Amino acid sequence: MYNYRSIIFADRSDRYWQLGYAGLLLAGLLFFVSCAFYKEMWFDEAYTVAMVRHDFFRICEITALDVHPPLYYMLAKLASLVWGQDIVVYRLVSVTGMLLFLLLGVIHIRRICGNRAGLYYTFFAVSLPVMLEYSGEARMYSWAMFFVTSAGIYAYLAYRQNQRRHWVLFAFFSLGSAYTHNYALLGAFFINLSLLTAVFSRKRYLLKPCLVTILAQIILYLPWLFVLISQVVAVTKEYWIVINYQHLLRDLLVFYFAENLPASATWLLSFGWLAVCGFGLYTAFTQKRHYAGLALSSLAIYLAVIGLALLLSQVKPIFITRYLMPNSGFLFIALACGLAAVRRQGVAALLCTAIFIASSVNFYLHYDKIYNPRNNDLRADIAYSLNPDDIFLYTDIHPAGIYMVAFPNHQHYVFLPGGQEESKPNPFQPELKLIYDLNVLADYKGRIWLIESANSQLLYGHLGKSEPLFTVIDFARIYDMPYLSHKGFVFVGSLLQKETGPVPPLPAQE
């Protein structure tokens, strides 16, 4: 059996490897922390901010009727109790998860697979452009990556060394995965399945601790399992995702480089990364390197999650490329082991140099995008002339969530023509209300901030031009803000004055 402790001793005696790891950890700290202090947010982050305003019970209630588990929001809530309710605090929670994910390379991957593979894993976690994007968002992806990858590592250690603490930590991180993201749950499922298969076929004396650990996970997940079933039923009826199968393979291949880089560079880097590491992985397998089994198992879990998700998507689409993030640690382990096995390490060094240059360019572009003063244009224009009794009106939940969080002391309405009243709670209540008839505002007299998507100015075209009850104070202005535009949102803002009276319906759609 591979001597885990001997690697610890060897690593500590090698100053060059230590300097390499220290340099990568410092780079990761600087990269990730420096990109966490911008104030603007997109809808998913506004959702997090709104969630954290509620107590722990309400967080569970809302997430139970949505599609995400509650653990990440609880972590953000705990952070808010110590450091206050602020978007920067929640982003630093995500940065913490990403730094813990990096540390897995230093603490475990190098000891299991060797210094070289551990260094490459850590390098990928720091340098791939997608990591910078998700490290600084107030979302659960960095924690999902940390929990799932840790669960896989401790499952491997439990199988190899059969120590009680490894079994306990495996169960702990597996449950953490399941309660953080549903794609992390899929990763945990395949980890448990792989471990049970390996134990049953090769080490049956481990069957008892293995089954006890799996049973403990099932029991502790049971409270949320019934919630998950209801969420699955709801998703099969309606969900927002649409899969473009024509471009799916392309999107999967370039995902880790496609954040801010030109398309040609993205394709070249993605191909080089997968080709060189893939060839090295084949070499590791043929030469029976000690880490080949772990690498192939990791790759199998990563691909199994994608395969199952695409299979389930034949019933109802549930897959988008950002759902690759929770299980990305397994891909990094596999490719890091492959790169470590490349015979000509000069090729590996050349690949890492190209990735580092791309990462530096990506960092500059990302930093410029998130800290661009134009991101604050719409908020600043509203704040400059906002009156205490003004209300906000939208036809899209995305700007509604963002600006409800920005201006929580005002009433916000999302007009959804032809919709039906929903019993489903949302974290933006009570400041944000969904309305299906504009006559909800019949008795209102005052100013309305109308914010719509640039490609669908439904209400401005009706109220601002042809409806005598409304007077346009400030004509529509397009706000093309770099950070939100990168997320696909360009808003149009205008200010209207409304008189009391019933609002005629929208003209029939042709």
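Scroll up to find the structure this text is about.
Predicted, not measured: the structure shown is a model, and the values here were computed from it.

(A) Layout of a nonpolar patch on the surface. Taken together, the side chains of Leu215, Ile218, Ile219, Leu222, Phe226, Ile229 and Val233 define a hydrophobic patch exposed on the protein surface, amounting to about 650 Å² of accessible area. Here Leu222 is to be found in helix H12 (residues 207-237).

(B) Layout of the side chain of Ser174. Looking at the secondary structure, you find Ser174 in helix H10 (residues 164-178). Among the polar contacts made by the side chain of Ser174, one reaches the side chain of Asn192 at a distance of 3.3 Å. Excluding residues that lie within four positions of it along the chain, Ser174 makes contacts with Ala151, Ala188, Asn192 and Gln217.

(C) Representation of the pattern of salt bridges within the structure. With the rule as written, the count across this model stands at 15 salt bridges. Across the pair Arg379 and Glu40 runs a salt bridge, and its minimum N-O distance is 3.1 Å. Residue Arg379 is found in helix H18 (residues 377-385), and its partner Glu40 is found in the loop between helix H2 (15-34) and helix H3 (43-52); the two are separated by 339 residues along the sequence. Members of the salt-bridge network, linked through shared partners, are Glu133, Glu137, Lys369 and Lys487.

(D) Region of the structure containing the side chain of Lys498. If you trace the backbone, Lys498 turns up in strand E6 (residues 491-498). No salt bridge is formed by the buried Lys498. Its closest oppositely charged neighbour is Asp443, at 7.3 Å. For Lys498, the side chain forms a polar contact with the main-chain oxygen of Leu441, separated by 3.0 Å. Here Tyr444 takes part through its backbone oxygen, which lies 3.2 Å from a polar atom of the side chain of Lys498. In this structure Lys498 touches Leu441, Ala442, Tyr444, Lys445, Gly446, Ile448, Leu469, Phe470 and Val503, once residues within four positions along its chain are discounted.

(E) Seen up close, helix H15 (residues 292-312). Between the first and last C-alpha of H15 there are 30 Å, a value that for 21 residues agrees with the 30 Å anticipated at 1.5 Å per step. When we look at burial in H15, the residues that qualify are Ala292, Leu294, Ala295, Ser298, Ile301, Tyr302, Val305, Ile306, Ala309 and Leu310. For H15, the elements touching its buried residues are helix H6 (87-113), helix H9 (141-161), helix H11 (182-202), helix H13 (248-254), helix H14 (263-286) and helix H16 (328-341).

(F) The arrangement of the pairing of E6 in detail. Of all eight residues in E6, seven are buried; the element is thus mostly enclosed. Summarising the sheet, strand E4 (residues 446-453) and E6 pair through eight bridges and their orientation is antiparallel. Paired with Glu452 across the bridge in E6 is Val492. Two elements, strand E5 (residues 470-479) and E6, share seven bridges in a ladder whose sense is antiparallel. From the neighbouring strand, Phe470 faces E6, where its bridge partner is Lys498.

Procedures and definitions
- Residues numbered from 1 in each chain as written.
- Predicted model: local features only at pLDDT ≥ 70, side-chain atom pairs only at ≥ 80, totals over all residues.
- Heavy atoms only, no water.
- Patch = residues over 30% accessible without salt bridge, like charges linked within 9 Å, V, L, I, M, F, W, Y side chains within 5 Å.
- Areas by Shrake-Rupley, 256 points an atom, 1.4 Å probe, with all protein chains shown as cover.
- Salt bridge = Lys/Arg side-chain N within 4 Å of Asp/Glu carboxyl O.
- Helix = DSSP H or I, 4+ residues; strand = E, 2+ residues; numbered from the N terminus.
- Polar contact = N/O pair within 3.5 Å; in protein donor to acceptor, adjacent residues only side chain to side chain.
- Contact = heavy atoms within 4.5 Å.
- Buried < 20%, exposed > 50% of the residue type's maximum accessible area, 1.4 Å probe, protein only.
- Lys, Arg positive; Asp, Glu negative; His and termini not counted.
- Expected span 1.5 Å × (residues − 1).
- Pairing = 2+ DSSP bridges.

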